[in-house]
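Below are the chains, spelled out letter by letter.
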Amino acid sequence: MSRIGKLPVIVPTGVTIDLKEGNFLTVKGPKGTLSRRLSPDMNIAQEDGQLVITRPNDLKRFKALHGLTRTLINNMVIGVTEGYVKRLEINGTGYRAAKAGNKLTLNLGYSHPVEMTDPEGVEAVVEGNNKIIISGIDKEKVGQYAANIREKRPPEPYKGKGIKYETEHIRRKAGKAGKK
């Protein structure tokens, strides 16, 4: 039995779950609404304030889908109640970020500024010149947008310049060795 899949998803008050034919799930909460089509092979049942996910048999494919389905539903419930946040830091001389409307402008040492548009349902906020806070209700979109921003100038190991996650630790390398 999947250790994650067998745990029920607790539905907090203020959250409504609508399960349609073909495992099309809609979760509505105080922060918004999320919809997703889940695998039709999984059995999803709503029982007294919680969702229970079961699988038809113990084939390897169904074992993998069991935990995945439960986690996707749980992420949707957390998203509409609390939301998700990713924090990025920009390190480097002259590297900075600015926000105008839904456009994020990054100066990262290239000959031109890098402009990015916030995806629908995701908001980026710039704190100071070197901190970017990305928030939204869809965990997948928030994480992907943060990864796309980081991809524009990943941190390098010698001076630590680039865009990194706030909790990320950059393993530093020693510089060039001197001549003898």
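Here we summarise the structure given alongside this text. Since the model is a prediction, treat every value here as computed from it, not as a measurement.

### A look at the pairing of strand 6 (residues 50-54)
So, point 1. Covered by surrounding structure in strand 6 are L51 and I53 only, the residues Q50, V52 and T54 on the alternate face being uncovered.
So, point 2. In this structure, strand 5 (residues 43-47) lies alongside strand 6, joined through five bridges in antiparallel fashion. The residue bridging A45 from the neighbouring strand is V52, located in strand 6.
So, point 3. Connecting strand 5 to the antiparallel partner strand 6 that follows it, the hairpin turn spans two residues, and D48 within it adopts a positive phi of roughly 25 degrees.

### Thoughts on the sheet that holds strand 3 (residues 24-29)
Backbone hydrogen bonds are what pair the strands of a sheet, in a parallel or an antiparallel way.
So, point 1. With antiparallel pairing, three strands are arranged side by side in an open sheet as 2-3-4. Both edges of this open sheet fall to strand 2 (16-20) and strand 4 (32-37), since each of them pairs with a single strand only. Going from strand to strand, the sheet's axes swing by 15 degrees on average, the running direction of each strand aside.
So, point 2. Note that strand 3 and strand 4 share six bridges and pair antiparallel. The residue of strand 4 that forms the bridge with G29 is G32.

### Overview of the side chain of S39
So, point 1. Inspection of the secondary structure puts S39 in the loop between strand 4 and strand 5.
So, point 2. By relative accessible area, S39 is classed as buried at 15%.
So, point 3. Setting aside residues no more than four positions away along its own chain, S39 makes contact with N23 and L65.

### Focus: the pattern of salt bridges
Any two side chains of opposite charge can pair, so long as their charged atoms come close to each other.
So, point 1. Evaluated as defined, the whole model comprises eight salt bridges.
So, point 2. For D41, the salt bridge goes to R61, with nearest N and O atoms at 2.9 Å. Remark: R61 occurs in helix 1 (residues 60-81) and D41 occurs in the loop between strand 4 and strand 5; sequence separation between them is 20 residues.
So, point 3. Classification of R61 by relative accessible area gives exposed; the value is 51%.
So, point 4. Sharing partners across several salt bridges, the network here consists of E89, K131 and K164.

### Quick word on the packing of aromatic side chains
So, point 1. What the rule picks out here adds up to zero aromatic pairs.
So, point 2. Positioned over the ring face of Y165 is K86, at 5.4 Å from the centre of the ring.

Conventions adopted
- Residues numbered from 1 in each chain as written.
- Predicted model: local features only at pLDDT ≥ 70, side-chain atom pairs only at ≥ 80, totals over all residues.
- Heavy atoms only, no water.
- Buried < 20%, exposed > 50% of the residue type's maximum accessible area, 1.4 Å probe, protein only.
- Helix = DSSP H or I, 4+ residues; strand = E, 2+ residues; numbered from the N terminus.
- Pairing = 2+ DSSP bridges.
- Axes fitted to C-alpha atoms, helices over the stretch in contact; angles between N-to-C directions.
- Contact = heavy atoms within 4.5 Å.
- Salt bridge = Lys/Arg side-chain N within 4 Å of Asp/Glu carboxyl O.
- Phe/Tyr/Trp six-rings, centres within 6.5 Å; stacked < 30°, edge-to-face > 60°.
- Lys NZ or Arg CZ within 6 Å of the ring centre and 35° of its normal.

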